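So you can see what is in the structure, the chains are spelled out below.
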Amino acid sequence: MAVDTDNFFERVYAVARQIPYGKVTSYGAIAKALGAARSARMVGWAMNASHLKEDIPAHRVVNRKGMLTGKHHFDGTNLMQQLLESEGIKVKDSQIVDFEKHFWQPEVQQ
């Protein structure tokens, strides 16, 4: 069965737009909320493809351990980290400090 990536990406973006200021979530949490728990990598592809969309806070999506694995897809050396720090999230060695405190769990979509 072929996956409609355009539709999936738009569903990912709808969840990403809900991430509150000063919070982060993971690729896997978004995938699980969409009922596609094994599709964390596709969520990552969607985040990578979102950089032309200014209304998608892709900097707030990290891996399940709080690592800034998508940082290489941002313009500038430390833009992802700078964006997170501007929201009050401390980052050390490309990892969010107190990840659990900043983690936002998206609601499962129906």
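Structure's up top.
Remember, it's a predicted structure, so these values are computed and weren't measured experimentally.

Undergrad: Please explain the layout of surface pockets as it appears in this structure.
TA: Over the atoms, a rolling probe the size of a water molecule traces out where space has been left empty. Of the voids in this model, the largest pocket is the one considered here, and its volume is about 190 Å³. The wall of the largest pocket is formed by 13 residues, among which S50, H51, K53, I56 and F74 lie closest to the centre. In this structure, the second largest pocket occupies an estimated 160 Å³ of space. If you go around the second largest pocket, you meet 13 residues; those closest to its centre are Y27, G44, N48, G70 and H73. The element that contributes the greatest number of residues to the lining of the second largest pocket is helix α3 (residues 40–49), accounting for four residues. Split into classes, the residues belonging to the lining of the second largest pocket amount to seven nonpolar, six polar and no charged.

Calculation criteria
Residue numbers run consecutively from 1 along every chain, following the written order of its sequence. In keeping with the model being predicted, local features are shown solely for residues with a pLDDT of at least 70 and side-chain atom pairs are shown and tallied solely at 80 or more, while totals for entire chains, interfaces and linings include all residues. Water and hydrogen atoms were dropped before computing side-chain values, which therefore reflect all heavy atoms in the structure. Residues are called lining when one of their atoms sits within 4 Å of a cavity or pocket point, these points coming from a 1 Å grid over the protein atoms alone, where a cavity is a set in which a 1.4 Å probe fits but cannot get out and a pocket is an open set with protein on both sides within 12 Å along at least five of seven lines. Grid points are joined across faces, edges and corners, and a volume is the space filled by probe spheres set on the points. Going along the chain from the N terminus, every DSSP run of H or I of four or more residues is numbered as a helix, and every run of E of two or more is numbered as a strand. Note on residue categories: nonpolar means Ala, Val, Leu, Ile, Met, Phe, Trp, Tyr, Cys or Pro, charged means Asp, Glu, Lys or Arg, and polar means any other residue, Gly included.

These figures come from the coordinates and say nothing about function on their own.
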